[in-house]
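Coordinates in review
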Number of protein chains: 2
Amino acid sequence: MIHRCGIVVAGFGNVGRSLVRLLLEKTSYLAERYRVDFSVLAVGDSSGFVYKREGFSREELEKLLQVPRGKVCESGLGSCTRCIDEVFDETLPDFLVELTPANYDTGEPGLTYMLRALKRGINIVTANKAPLVLKFRELMELASRRRVRIGFRATVFGGVPIIDVVRHLAAHKIRRITGILNATTNYILSRVFYDGLSLEQAVDEARKIGVMEANAALDLEGIDAAAKAVILANVAGLNVTLSDVSRKGITLVTMDDVKRCISENKVIKLVAEIDLENKCIVVEPRELPSSHDLAQVKYLLNAVLIETDLNTIFVKGIGGGPAETAINVLSELVELATSLPR
Amino acid sequence: MIHRCGIVVAGFGNVGRSLVRLLLEKTSYLAERYRVDFSVLAVGDSSGFVYKREGFSREELEKLLQVPRGKVCESGLGSCTRCIDEVFDETLPDFLVELTPANYDTGEPGLTYMLRALKRGINIVTANKAPLVLKFRELMELASRRRVRIGFRATVFGGVPIIDVVRHLAAHKIRRITGILNATTNYILSRVFYDGLSLEQAVDEARKIGVMEANAALDLEGIDAAAKAVILANVAGLNVTLSDVSRKGITLVTMDDVKRCISENKVIKLVAEIDLENKCIVVEPRELPSSHDLAQVKYLLNAVLIETDLNTIFVKGIGGGPAETAINVLSELVELATSLPR
C-alpha cells in the first residue's frame with residue numbers, strides 16, 4: 001500500500017522549484033523504497049497560493065515550473081488565495097513545506113505560516129532559517145504541545161544531515177562546535193588564498209556566478225553563518241537567538257592580512273564557533289594553520305567539527321545550493337512521513 | 001516527570017562496563033535534559049545473568065564493575081539464571097542492550113538473545129555486528145512486525161552516528177560508500193607510512209597497546225571492516241550478508257609495496273567500498289594518492305565518504321574504543337526511550 005502524503009509548498013523560488021523537480025523525478029523511487037507518494041496540494045509565492053484539493057497532476061506541476069517568479073496565482077491551475085488558513089482548510093495537508101525567503105527582522109511570512117500550521121496540527125519541514133533563529137523555543141514547544149513535528153535539517157549545510165548528527169549525540173556532552181557554515185564566503189576566501197585573486201575580484205566573481213545572496217550582507221557580514229550557528233546551538237541544547245551571536249564579517253579582512261597569512265602558512269576562514277560551556281556563539285574571520293581540518297575545506301564546501309567529552313567528529317560536504325537544500329527537505333519529508341502514525 | 005526505563009545488559013566486557021560507568025556518571029544529565037532514568041535490571045556474561053526486578057542500585061552497579069570477567073553470577077547481587085527468557089519474564093525490561101562478543105559463524109549468543117527479545121516485544125540496542133551481518137533482514141522484519149525498534153548505531157564507527165547519516169539520506173540516491181572502517185589496521189598502516197615502522201613492528205605494537213581484537217584475523221583479514229560495510233550497505237538499501245563481501249586483508253601488503261607507494265606519494269589504506277549501483281562490497285588494501293580525503297585519515301580515526309546523485313559527504317572520527325561505543329549505545333538508548341509511546 002502506498003501512503004499518500006499531501007504537502008503545501010510555501011515559497012516557489014530556486015529551492016521550491018528544485019523540490020518539485022525532485023518529486024517528479026523520484027516518484028517511483030520513493031513509492032518503491034518507502035511506500036510514500038507526495039501530492040502537492042498548493043504552491044505559494046509573493047502572488048499568493050494556488051491550490052487544488054485533489055493535488056496537482058504531473059502535467060500541472062510541470063506547467064507550474066514554467067511559471068515566472070511571483071506569478072503562480074496567474075497560472076490558472078487551481079483556486080487562488082492570499083490566505084494560508086484557506087489553503088490549509090481547503091486542502092488539509094499533512095505537511096507545510098516552508099521555503100519562503102529568510103527575513104531576519106520579522107521572520108515573515110514564514111513565521112506566520114509556521115504558527116498557523118502548528119495551530120492546526122500540521123507538520124512542517126522548513127529550509128527557512130529566519131523563524132527558527134528568532135523563535136526557536138516557541139516553535140518547538142508549540143509543535144510539542146500539538147504533537148506535530150518540525151523538520152529543519154535543510155536550514156544548515158545543504159545536502160548533509162548535520163543537525164541530525166548533533167541531535168544523535170544525545171548522551172555525549174558537546175563542548176564545542178566549530179564550523180565553516182557559509183559557502184559563499186568560503187568560496188571567496190578560497191579564490192583569494194588558493195588562486196591569487198584579490199578580495200574584490202573574488203567577491204565580484206561570487207556575485208556573477210550566482211552563489212551570493214541578493215542581500216550580500218547576509219553572506220559577507222556573517223549573518224547567514226550566524227543563523228546556522230544559532231540553529232545548531234539550539235539543537236545542542238543552548239537557548240539562544242540571532243541577537244546573541246557576536247559577529248564579524250569577512251569585510252574586515254584586508255589583502256595585507258591575506259599576504260601575511262600566506263607567508264605564515266595560514267589561511268583565513270569565516271569560522272562560526274559555538275562554545276557550549278560558556279554558552280556563547282562567535283562568527284568571525286579566523287587565521288588557521290593550513291594543517292587544521294577546517295583549513296582543508298575549500299570553495300563551496302562547508303564543514304563542522306564537533307568536540308564532545310569523548311571524541312571529535314568532522315563532517316564535510318557541499319554547503320548550499322538549491323538542489324542540495326531541496327534534497328534535504330525531501331529526505332526529511334520521507335523520514336517524517338514514514339514515521340508518523342497512520 | 002522522569003521516565004524510568006529498564007534495561008537488560010547482555011555482555012559485560014569493556015563496552016558493557018563502559019556503559020554502566022556512563023550511566024552512573026550521566027544520571028543527572030540525562031534526567032535533567034531528557035527526563036529519562038535508566039535502570040539496570042540485569043547484567044549477563046559467560047557465567048549467566050544476575051538480575052533484580054527493581055533494578056540495581058548505584059552501589060550495586062559499582063560493585064558489579066569490580067566483579068572479574070565472566071563472574072557476574074558469583075557476585076551475589078541478585079537472582080541468577082542462564083536463561084534469557086527467565087530474565088525477560090522476571091524483569092520486564094524496555095530494552096535489551098546486546099553487547100556480547102561478535103561470533104561471525106553463528107551470531108551466538110547475541111542472535112538468540114535478540115530473537116527472544118523481539119518475540120516478547122522488547123526493544124533492542126546493540127553493538128554486536130555478528131547477528132546483523134548474518135540475519136539483517138530477518139531481524140528488521142521481525143522488529144517491524146512486533147512494532148519494536150532495533151538500534152545498532154554503535155556497530156559502526158565508535159562515537160559517530162554514521163549509520164544515521166546514511167539513513168537520513170532518504171531521498172538521495174546513494175551511489176557509493178567508501179570508508180576506512182577498521183581502526184586497528186588504519187593504526188598499523190599509519191605507523192608504517194607516517195612513522196617508518198615495519199609492518200611486523202606495527203602489528204606487534206597494535207597488539208601490545210590493546211587495540212587488536214583477541215582474534216587478530218578479525219582486524220588483519222578485514223572481517224571487522226567487512227561486517228561494518230555489510231551493515232552500512234543494508235541501511236543504504238542493499239540486501240547482503242557477510243558472505244557477499246569480496247575481502248582481502250592487510251596481510252597481503254609487503255614492505256616493497258610500502259616503499260614503492262611512499263616514493264609515488266601514495267599511502268595504502270584498508271578500504272571498504274560499497275558500490276550500490278553494482279550491488280557489490282569489496283574490502284581490500286588500496287593505494288591512494290596522499291591528497292585523497294581518505295589518505296588524510298590517520299591512526300585510530302575512521303572515515304566514510306558517501307557519494308550520492310547530488311553530493312559527496314565526508315565524515316571522520318575516532319573509530320572504536322569501548323568508551324566511544326558505549327556512548328553511541330547510550331545516545332541511541334536515550335533517543336529511542338524518549339521517542340517510544342508512553
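Here, every reference points to the structure presented above.
Conventions we followed
Residues numbered from 1 in each chain as written. Chains lettered and ligands numbered in written order. Predicted model: local features only at pLDDT ≥ 70, side-chain atom pairs only at ≥ 80, totals over all residues. Heavy atoms only, no water. Helix = DSSP H or I, 4+ residues; strand = E, 2+ residues; numbered from the N terminus. Rg over C-alpha atoms; globule rule 2.2 N^0.38 Å. Contact = heavy atoms within 4.5 Å. Areas by Shrake-Rupley, 256 points an atom, 1.4 Å probe, with all protein chains shown as cover. Lys, Arg positive; Asp, Glu negative; His and termini not counted. Charge placed at Lys NZ, Arg CZ, Asp CG, Glu CD. Least-squares fit on C-alpha atoms with pLDDT ≥ 70 in both. Buried area = accessible area lost by both parts, 1.4 Å probe. Salt bridge = Lys/Arg side-chain N within 4 Å of Asp/Glu carboxyl O. Pairing = 2+ DSSP bridges. Axes fitted to C-alpha atoms, helices over the stretch in contact; angles between N-to-C directions. Buried < 20%, exposed > 50% of the residue type's maximum accessible area, 1.4 Å probe, protein only. Polar contact = N/O pair within 3.5 Å; in protein donor to acceptor, adjacent residues only side chain to side chain. Core = buried A, V, L, I, M, F, W, Y, C linked by side-chain atoms within 4.5 Å. Parallel < 35°, antiparallel > 145°, perpendicular 65-115°, else oblique. Nonpolar A, V, L, I, M, F, W, Y, C, P; charged D, E, K, R; others polar.

Another aspect to go through is the overall build of chain A. Check the secondary structure of chain A and you find 12 helices and 13 strands. A globule of 342 residues ought to have a C-alpha radius of gyration of about 20 Å, and chain A, at 21 Å, matches this closely. Over its C-alpha atoms, taken along the principal directions, chain A stretches across nearly 65 × 45 × 40 Å. A separation of at least 24 residues holds for 72% of the contacts in chain A among residues at least 6 apart in sequence. In the form shown here, chain A has an accessible surface area of approximately 13500 Å², with 47% of it arising from carbon and sulfur atoms. For chain A, the distance from the average site of its 43 positive side-chain charges to the average site of its 43 negative ones is 3 Å.

On to the relation of the copies chain B and chain A, then. Expressed as a screw transformation, the operator carrying chain B onto chain A has a rotation angle of 180 degrees and an axial translation of 0.0 Å, and the superposed copies differ by an RMSD of 0.0 Å. Considering both components of the superposition, the chain copies are consistent with a two-fold axis. Of the C-alpha atoms belonging to chain B, the one lying closest to the rotation axis is found on Val315 of chain B, 2.2 Å away.

Attention shifts here to the interface of chain B and chain A. Contacts between the two partners involve 39 residues from chain B and, on the opposite side, 40 residues from chain A. Summing the contributions of chain B and of chain A, the shared interface buries around 3200 Å²; its carbon and sulfur component is 56%. Considering only the side of chain B, the residues that lose the most area to chain A are His168, Ala171 and Leu310 of chain B, jointly responsible for 21% of the buried surface there. At the boundary of chain B with chain A, the tally comes to 4 salt bridges. Of the charged contacts in the structure, one is a salt bridge between Lys26 of chain B and Asp309 of chain A, with a shortest N-O distance of 2.7 Å.

On to the side chain of Glu205 of chain A, then. Within the secondary structure layout, Glu205 of chain A lies in helix H8 (residues 199-208). With residues near it in sequence (within four places) discarded, Glu205 of chain A still touches Tyr187, Arg191 and Leu197 of chain A.

It is worth spelling out the sheet that holds strand E13 (residues 312-318) of chain A at this point. In spatial order, the strands read E9(A)-E11(A)-E10(A)-E8(A)-E12(A)-E13(A)-E13(B)-E12(B)-E8(B)-E10(B)-E11(B)-E9(B); together these 12 strands make up an open sheet with mixed pairing. Edge strands, defined here as strands with exactly one partner in the open sheet, are strand E9 (245-247) of chain A together with strand E9 (245-247) of chain B. When the angles between neighbouring strand axes are averaged without regard to direction, this sheet yields 25 degrees. Note that strand E10 (residues 266-275) of chain B and strand E11 (residues 280-289) of chain B share 10 bridges and pair antiparallel.

All names here are of chain B. Spatial ordering of the open sheet is given by E4-E3-E2-E1-E5-E6-E7, a layout of 7 strands whose pairing is mixed. Both outer strands of the open sheet, strand E4 (79-81) and strand E7 (150-151), are each paired with one neighbouring strand and no more. Both strand E1 (residues 3-10) and strand E2 (residues 36-45) contribute to a ladder of 8 bridges, which runs parallel. Following the sheet pairing, Gly6 is matched in E2 by Ser39. Lying over the sheet, helix H1 (residues 14-34) contacts E1, E2 and strand E5 (95-98), oriented at roughly 160 degrees with respect to E2. Its contacts with the sheet put helix H12 (residues 322-339) on E1, E2, E5, strand E6 (123-126) and E7, and the angle it makes with E2 is roughly 125 degrees.

With that out of the way, let us pick up the side chain of Lys129 of chain A. Residue and element names in this part refer to chain A. Looking at the secondary structure, you find Lys129 in helix H5 (residues 129-145). Taking relative accessible area as the criterion, Lys129 reaches 11% and is therefore assigned buried. A distance of 3.3 Å separates polar atoms of two side chains, one belonging to Lys129 and the other to Asp224. Every residue in contact with Lys129, bar those within four places of it in the chain, is listed here: Tyr104, Thr155, Asp224, Ala227, Lys228 and Ile231.

Core analysis: the biggest nonpolar cluster contains 184 residues, and Ile177, Leu232 and Ile306 of chain A together with Ile177, Leu232 and Ile306 of chain B have the highest contact counts within it. Setting aside its immediate chain neighbours within four residues, Ile177 of chain B contacts Val166, Leu232, Ala236, Ala272, Glu273, Ile274, Leu276, Val304, Leu305 and Ile306 of chain B.

Another aspect to go through is the packing of helix H4 (residues 110-119) of chain A against H5 of chain A. Residues and elements named next belong to chain A. The interhelical angle for the contact between H4 and H5, taken along N-to-C directions, is 5 degrees, at an axis separation of 11 Å. Here H4 lies roughly parallel to H5, going by the angle between them. Along its contact with H4, which presents Gly110, Leu111, Met114, Leu115 and Leu118, the element H5 presents Pro131, Leu132, Lys135, Leu139, Leu142 and Ala143. Here the contact of H4 with H5 is built from residues that sort into 9 nonpolar, 1 polar and 1 charged.

A few words now on the pairing of strand E12 (residues 301-308) of chain A. Residue and element names in this part refer to chain A. Buried residues dominate E12, accounting for 6 of its 8 residues. Summarising the sheet, E12 and E13 pair through 7 bridges and their orientation is antiparallel. Counterpart to Leu301 in the pairing with E13 is Ile318. As consecutive antiparallel partners, E12 and E13 are separated by 3 residues.

Any functional reading would require information that these geometric values do not contain.
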